[in-house]
Amino acid sequence: MKQLVVYSSQSGNTKKIAEELFRQLPEEKDIFPVSEAPDPGAYDVICIGFWLKDDQPDPASQAYLKKCGNKKLFLFASHGAAKGSNPAKIGMNKAIELAEGATILGTFSCQGEVPQSVIDAAANKDPQPDWLADAPSAKGHPNTNDFIDLSEALTKAGLKTEAREDKGGLIDGSHAM
Ligand SMILES: Cc1cc2nc3c(=O)[nH]c(=O)nc-3n(C[C@H](O)[C@H](O)[C@H](O)COP(=O)(O)O)c2cc1C
């Protein structure tokens, strides 16, 4: 099974997730930033990573998602909004819509640290965006716990077999009572 990881990242958060995801994938695999991404046709599964901009996947990712309508996809994202919050769900649903016709194997998203300049600019907007109140709590994300959740999402999607890794200090939960 040939797998492709494509990501868009302005300040590095989604890139970190993409690189960890790539590391965790067991099979034949390639990784590219979206600006250099190959045609999806040659791959069985494509993992597409984006960041949320104005409640939507960033523009470069939107264009790539539209090209992947007949593929099997795993979608991942970073955002300033809290994990599982409405703005986070709306953004992921928008990505699923853009890839209309694709088979969605799974999704993962978590917070990604928002630069103070971006927080300040959003605070000056009227009305202020929904995600702004959560943005300070994005500091330090993505982190090790996010990568454990990512591992579980990949396992659930059938893209890796072990639930957790014992490498790098993560706990192997596979024998837990
Ligand atoms: C111009 C701009 C708009 C943003 N809009 C949103 C948004 O609508 N919702 C949200 O949750 N986060 C928003 N964010 C925060 C980013 O999605 C978040 O910091 C993300 O982790 C950035 O990913 P990156 O480091 O891969 O570029 C925005 C950030 C910027 C710079």
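Residues numbered from 1 in each chain as written. Predicted model: local features only at pLDDT ≥ 70, side-chain atom pairs only at ≥ 80, totals over all residues.

## Examining the overall build of the protein
So, step 1. Looking only at helices and strands, one finds five helices and six strands in the protein.
So, step 2. Listing every helix and strand of the protein by position from the N terminus yields β-α-β-β-β-α-β-α-β-α-α.
So, step 3. In terms of C-alpha radius of gyration, the protein reaches 16 Å, essentially the compact-globule figure of 16 Å for 177 residues.
So, step 4. Overall size of the protein, expressed as C-alpha extent along the three principal axes, is 50 × 40 × 25 Å.
So, step 5. Looking at the protein as a whole, 37% of its 177 residues are labelled buried.
So, step 6. Considering only contacts within the protein whose residues lie at least 6 apart along the sequence, 75% involve residues at least 24 apart. (Helix = DSSP H or I, 4+ residues; strand = E, 2+ residues; numbered from the N terminus. Rg over C-alpha atoms; globule rule 2.2 N^0.38 Å. Buried ≥ 20, exposed ≤ 12 C-beta atoms within 10 Å, placed from the backbone. Contact = placed C-beta atoms within 7 Å.)

## Here we look at the site of the ligand
So, step 1. Taken together, 22 residues lie around the ligand, and N13, T14, W51, H79 and G112 are the ones closest in.
So, step 2. When residues of the shell around the ligand are traced back to their parent elements, those giving at least two are helix 1 (13-24), strand 3 (45-53) and strand 5 (72-79). (Near = placed C-beta within 6 Å.)

## A word on helix 2 (residues 59-66)
So, step 1. By the burial criterion, the buried members of helix 2 are A60, S61, Y64 and L65. Buried positions in helix 2, seen along its axis, are confined to an arc of 135° and lie on one side of it. Residues of helix 2 that are exposed and point over 90 degrees away from its buried face: P59 and K66.
So, step 2. Buried residues along helix 2 sit against strand 1 (3-7), strand 3, strand 4 (56-57) and helix 3 (86-98). (Arc of directions from axis to C-beta.)

## A few points about the environment of P57
So, step 1. Checked against the element boundaries, P57 lands in strand 4.
So, step 2. P57 sits in the buried class, given 26 other C-beta atoms within 10 Å.
So, step 3. Excluding its chain neighbours within four sequence positions, the residues that come into contact with P57 are F50, L52, Q62, L65, G91, K94, A95 and L98.

## Considerations on the confidence of the model for the protein
So, step 1. Looking at the protein as a whole, the pLDDT averages 93, with 91% of positions reaching at least 70.
So, step 2. The low-confidence segment residues 171-177 (pLDDT under 50) makes eight contacts with residues lying over four places distant or belonging to another chain. (pLDDT = per-residue confidence, 0-100.)

## Structural notes on unusual backbone geometry
So, step 1. Along the chain, D126 connects to P127 via a cis peptide bond; the corresponding omega equals 0°.
So, step 2. Mapped onto the elements of the fold, P127 is located in the loop between helix 4 (116-123) and helix 5 (144-156).
So, step 3. A cis amide bond links H141 with the next residue in sequence, P142, at an omega value of 0°.
So, step 4. The topology assignment puts P142 in the loop between helix 4 and helix 5.
So, step 5. In this structure, D54 is a non-glycine residue whose phi angle is positive, near 50°.
So, step 6. Its identity as a non-glycine residue notwithstanding, D55 has a phi of 70°, on the positive side.
So, step 7. By the element assignment, D55 lies in the loop between strand 3 and strand 4.
So, step 8. On the neighbour-count criterion, D55 (16 C-beta atoms within 10 Å) is partly exposed.

## Description of the nonpolar core
So, step 1. Formed by 41 residues in total, the largest nonpolar core has its most connected members in V6, I46 and I48.
So, step 2. Those elements giving two or more residues to this core turn out to be strand 1, helix 1, strand 3, helix 2, strand 5, helix 3 and helix 5.
So, step 3. Take this core: its biggest share by element is seven residues, from strand 3. (Core = buried A, V, L, I, M, F, W, Y, C linked by C-beta atoms within 7 Å.)

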